Amino acid sequence: MQFKKYFITGLLIWVPLTITLWVLSLIVGTLDQSLLLLPLEWRPKRLIGWDIPGIGALLMLLVVMLTGLVAANYFGQRLVSFWEGLLVRIPFVNSIYSSVKQVSDTVFAPNGQAFRKALLIEYPRQGSWTIAFQTGAPGTKITSHLGSEYLSLYVPTTPLPTSGFFLMMRKDAVIELDMTVDEALKYIISMGVIAPDGNAAPHKR
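Residues numbered from 1 in each chain as written. Predicted model: local features only at pLDDT ≥ 70, side-chain atom pairs only at ≥ 80, totals over all residues. Heavy atoms only, no water.

Digging into the nonpolar core
At step 1: Counting residues in hydrophobic clusters, the biggest one holds nine residues: L119, I121, A132, L151, L153, V155, L167, M169 and V174.
At step 2: For this core, the secondary structure elements donating two or more residues are β1 (118-122), β3 (150-156) and β4 (164-170).
At step 3: The greatest single-element share of this core, amounting to three residues, is contributed by β3.
At step 4: In this structure, A118, L177, M179 and A184 belong to the second largest nonpolar core, which totals eight residues. (Core = buried A, V, L, I, M, F, W, Y, C linked by side-chain atoms within 4.5 Å. Buried < 20%, exposed > 50% of the residue type's maximum accessible area, 1.4 Å probe, protein only. Helix = DSSP H or I, 4+ residues; strand = E, 2+ residues; numbered from the N terminus.)

Following this line, the structure appears as structure tokens:
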């Protein structure tokens, strides 16, 4: 019994640490591939004789920051408009770029409401509940057929919340939870093992 206790205790320490290091290594390794875009003579291995993990990640961070800095002024905005105008003239690229840009603008907009609220809904059947995230509201072409006020929801799957289902539900059938999106994600990813802190009761919207 003691052996089993010590073994489980060791697993509880090493499993989260190993998975965390593996995910970080995967992310850094992927971002380090950006160094392949540099000329051969500018790469760290050519300059100092060996590779430095994380240099590519820092390079990508610097590129993103500089892009945001340039795009924040008038000249940068004109340049972005010219680039987008060029992309929309390409038939197949236009559909992909426009869709991705619309989603990214909605999700990452500072004043946007996408993925800002954790909700409790009755799904997939009556008496069965799950957590969803509000992504917005249906457009007028859809609401004209629904007949009442609806919300657009994203229902993530467990334990990978990157896949899920898109639903439109009545506003009065949705319960807004007193928890942050991060707490809700932890609850979903852990398959209900990590319960959100606090005992605040949910309230109807």
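Thoughts on unusual backbone geometry
At step 1: A cis amide bond, omega 5 degrees, links Y123 with the succeeding residue P124.
At step 2: Locating P124 in the fold gives a position in the loop between β1 and β2 (129-136).
At step 3: Residue M191 is not a glycine yet carries a positive backbone phi of 60 degrees.
At step 4: On the secondary structure map, M191 appears in the loop between α7 (181-189) and β6 (203-204).

Section: the packing of aromatic side chains
At step 1: For the structure on display, the rule yields one aromatic pair.
At step 2: Taken together, a centroid distance of 6.3 Å and an interplanar angle of 50 degrees make the contact between Y123 and F165 tilted. Here Y123 is found in the loop between β1 and β2, whereas its partner F165 is found in strand β4, with 42 residues between them in sequence. (Phe/Tyr/Trp six-rings, centres within 6.5 Å; stacked < 30°, edge-to-face > 60°.)

Some thoughts on helix α4 (residues 74-87)
At step 1: Given a rise of 1.5 Å per residue, 14 residues ought to cover 20 Å, and the 20 Å separating the end C-alpha atoms of α4 matches this to within 8%.
At step 2: For α4, every residue scored as buried is listed here: G76, E84, G85 and L87.
At step 3: You can read the cap of α4 off the contacts: a side-chain oxygen lies 3.2 Å from the backbone nitrogen of F75, and it is on N73. (Expected span 1.5 Å × (residues − 1). Polar contact = N/O pair within 3.5 Å; in protein donor to acceptor, adjacent residues only side chain to side chain.)

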